[in-house]
Structures are given as C-alpha cells and as structure tokens.
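Below, each chain spelled out in residue letters.
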Amino acid sequence: MPSVSSINKVFTVLSVVCILGVACNDKSTVQAPGAKVHKVVPEEATDLVSLMSEPATDSAGKLTARVKGKLTAPYMLRFQLADSPYAEFPRTLHVDFYNDSMKTESQLDALYGKYLQNQEKVFLRDSVVVKNLAKGDTLRCKELWWDQRTERFYTDKPVRIYTPDKILYGTGMEADQNFRWYTITKLTGIVLSAGSNVPK
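Residues numbered from 1 in each chain as written. Predicted model: local features only at pLDDT ≥ 70, side-chain atom pairs only at ≥ 80, totals over all residues. Heavy atoms only, no water.

**Q** Would you take a moment to explain the side chain of T163 for this structure?
**A** Note that T163 resides in the loop between strand 11 (152-162) and strand 12 (166-176). Accessibility expressed as a relative area gives 5% for T163, which makes it buried. Reaching out from T163, the side chain makes a polar contact with the side chain of D165 at a distance of 2.9 Å. (Helix = DSSP H or I, 4+ residues; strand = E, 2+ residues; numbered from the N terminus. Buried < 20%, exposed > 50% of the residue type's maximum accessible area, 1.4 Å probe, protein only. Polar contact = N/O pair within 3.5 Å; in protein donor to acceptor, adjacent residues only side chain to side chain.)

**Q** Where do I start with a nonpolar patch on the surface in this structure?
**A** Taken together, the side chains of L187, I190 and L192 define a hydrophobic patch exposed on the protein surface, amounting to about 330 Å² of accessible area. As for its position among the elements, L192 is in strand 13 (residues 182-192). Relative accessible area serves as the criterion here: at 71%, L192 is assigned to the exposed category. (Patch = residues over 30% accessible without salt bridge, like charges linked within 9 Å, V, L, I, M, F, W, Y side chains within 5 Å. Areas by Shrake-Rupley, 256 points an atom, 1.4 Å probe, with all protein chains shown as cover. Salt bridge = Lys/Arg side-chain N within 4 Å of Asp/Glu carboxyl O.)

**Q** Just checking my understanding: could you explain the packing of aromatic side chains for this structure?
**A** The geometry of two aromatic rings is summed up by the distance between their centres and the angle between their planes. Inspection of the entire model under this criterion finds 7 aromatic pairs. Judged by centre distance (6.2 Å) and plane angle (80°), the ring pair of F97 and F153 falls under edge-to-face. Taken as a pair, F97 in strand 6 (residues 93-98) and F153 in strand 11 lie far apart in primary sequence, 56 residues in all. On the basis of relative accessible area, F97 is assigned to the buried category, the value being 0%. For F153, a relative accessible area of 0% translates into the label buried. Taking the centre distance of 6.0 Å and the plane angle of 50° together, the rings of W146 and F153 count as tilted. (Phe/Tyr/Trp six-rings, centres within 6.5 Å; stacked < 30°, edge-to-face > 60°.)

**Q** I tried to follow the confidence of the model for the protein on my own but got confused; where do I start?
**A** As a general rule, the predicted coordinates of low-pLDDT regions are not to be interpreted in detail. Taken residue by residue, the protein gives an average pLDDT of 82. The fraction at 70 or more is 77%. Here residues 1-24 scores under 50 on pLDDT; set against residues more than four positions off or in separate chains, the count is 72 contacts. Ignoring residues within four places in sequence, the model shows residues 26-32, a span with pLDDT below 50, making 16 contacts including any to other chains. (pLDDT = per-residue confidence, 0-100. Contact = heavy atoms within 4.5 Å.)

Next up, the structure:
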C-alpha cells in the first residue's frame, strides 16, 4: 500500500498506513483464462490509518508538514477504475481533526463512507455525527458531503445540531470541517434544552 505523503494537503485513502496486525491485500485487475474482458476486483485493507496534512515551514524556513487530521477505519475497499477511482468504508469510519497545537478539536463518525478520488470528496451516510469538542456542538444527520478542497461539510438533507442549551432543526447545512461554524439553510425549529439532555 502507498505510504503517507508528509506534505500532501489532500486527504487521500491512497496514503493508507498499514500498522502492526494489519492485513493489506492487493486484489488488482484480474483476467480469467481465455476471457477478453478484465474484471476489476478491489484492493482491501483492514485496521487502517490515513493522515491529512498540509505544507508548512519551520522556524528555520524549511519545508515541513502540519498534520490536520487522522482517519481510522476497520475495513476499506479501493477500486482502481481508470476514470473514477474510489474507496469505500462499509464498516464505519472515524476522523479526528486537529487544531494548530495538534490537539483534537473535532471528530467525525459515520457508518458508511465513499471517497471519490478525482473530486476529492467524501460521501457519508448512516448515523453521521460531527462534534466540536471545544464548543460542545454536535451535528447529527443521515447524509453529509465532505469537500476536502474547500475543507467544508455540506448537505441538503435534514439536520439536527445540539448545542449546550438548545437543539436546532433544519434542512440543508454548510460548515467548516472543524465544525467551528455552521449555517443552516432552512431552520425549521429550535428547542431549548438543559445541558444534561444533550446527547454525548
């Protein structure tokens, strides 16, 4: 499997790190005897870790990299199609987003994810949760897009945002990937709640 690029700004599953106990199986394109058509079989990886970083310079002016996030997933399938390569995370995925001090600022969880390599976007569905640990705000929705070029989340589906003192209901939303800010396209309701009632 390819190694993590230390200066790669784009968060890509091609930078999967195989750690101890990880099984990485290359099941590239195969051809049956006598067949003229190639059948694409996905590569598989288990217990994987992938890093997101961007170029930076140190105090001496040397080019280095700043890690902005880390994805972990128990299982991944990668399809190496010529025109539209993609990877699937069918058994959940988790992402930690870091601040400038390399502390976890926000987290993302979903039961399913699909990474579209050429578009640099991730489609997330099924019990999608985004949390900003500093603010205590939590987004819950069924579907969410993550645009890695703009470093933003967006959806046109119903959303619920839990804050320490209220719950916001709406349809459509845009937010930065650290969930520091968000904008609900159509706000449909606000419910005041005690902090102890906000889901963790």
